[in-house]
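Given next are the chains, with one letter for each unit.
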Amino acid sequence: MSSLRLVPSMIFSAGGAARGAVKERFSLLCLRQAAGWPAVQAAGKKSLTDLPVLNEEELEEQFVRGSGPGGQATNKTSNCVVLKHSPTGVVVKCHQTRSVELNRRRAREIMQEKLDIVYKGEESQLLQMKEESRIKKQQKRKKVNENLEKKKLLKSILLADAK
């Protein structure tokens, strides 16, 4: 694994297989990045249209042993896919399922999303979706806090009137 890392290298990791069952997680994608970049969560990623096209000649693919829950079925099989994009040094590690083919496909999808972020930066659809989600969450939290303050004020007025 250390032979894959470049300085500064970025490692993205996705999911893990559950014991005895293959669980594909398409609704929420959680990507962790090692080079100090923010973690990216993309919901509804199927709507992303202008992701970069992967050139297979620029990719280095390795199959390594998986880890995590699942016992012997996970730990003794080499179904974890490590995909490296040579020009940028981006490394993606995918071990979401027990199927090598599904992991290969999923690793390429993740690689496209990561390259989109690397090439476009702040203009990436993925980061824009994350920012929109963050703003909506802030607005919702603000509204909830305002409602709580109104309730507290109403309660204090009612208690004052009762005395």
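The rules behind the values
Residues numbered from 1 in each chain as written. Predicted model: local features only at pLDDT ≥ 70, side-chain atom pairs only at ≥ 80, totals over all residues. Heavy atoms only, no water. Buried < 20%, exposed > 50% of the residue type's maximum accessible area, 1.4 Å probe, protein only. Helix = DSSP H or I, 4+ residues; strand = E, 2+ residues; numbered from the N terminus. Pairing = 2+ DSSP bridges. Axes fitted to C-alpha atoms, helices over the stretch in contact; angles between N-to-C directions. Parallel < 35°, antiparallel > 145°, perpendicular 65-115°, else oblique. Contact = heavy atoms within 4.5 Å. Nonpolar A, V, L, I, M, F, W, Y, C, P; charged D, E, K, R; others polar.

For the protein chain, an unreviewed UniProt entry supplies the name Prokaryotic-type class I peptide chain release factors domain-containing protein and the organism Astyanax mexicanus.

## Concerning the pairing of strand 5 (residues 80–85)
Side-chain direction in a regular strand flips from residue to residue, so the side chains alternate between the two faces of the sheet. In terms of burial, strand 5 is largely enclosed, as 6 of its 6 residues are buried. Of the two faces of strand 5, both are covered, the one formed by Cys80, Val82 and Lys84 as well as the one formed by Val81, Leu83 and His85. Where strand 4 (residues 59–64) meets strand 5, 6 bridges bridge the pair, whose relative direction is antiparallel. Within the sheet, the bridge partner assigned to Val64 lies in strand 5 and is Cys80. Remark: 4 residues form the turn of the hairpin made by strand 5 and strand 6 (residues 90–94), two consecutive strands paired antiparallel; Gly89 in that turn has positive phi of roughly 80 degrees.

## Side note on the packing of helix 2 (residues 100–120) against helix 3 (residues 125–162)
Packing of helix 2 against helix 3 brings their axes to within 8 Å, and their N-to-C directions diverge by 85 degrees. By the angle between their directions, the pair helix 2 and helix 3 is classed as roughly perpendicular. For the pair helix 2 and helix 3, contact is made by Glu113, Asp116 and Ile117 and by Gln125, Leu126 and Leu127, respectively. By residue class, the composition of the contact of helix 2 with helix 3 is 3 nonpolar, 1 polar and 2 charged.

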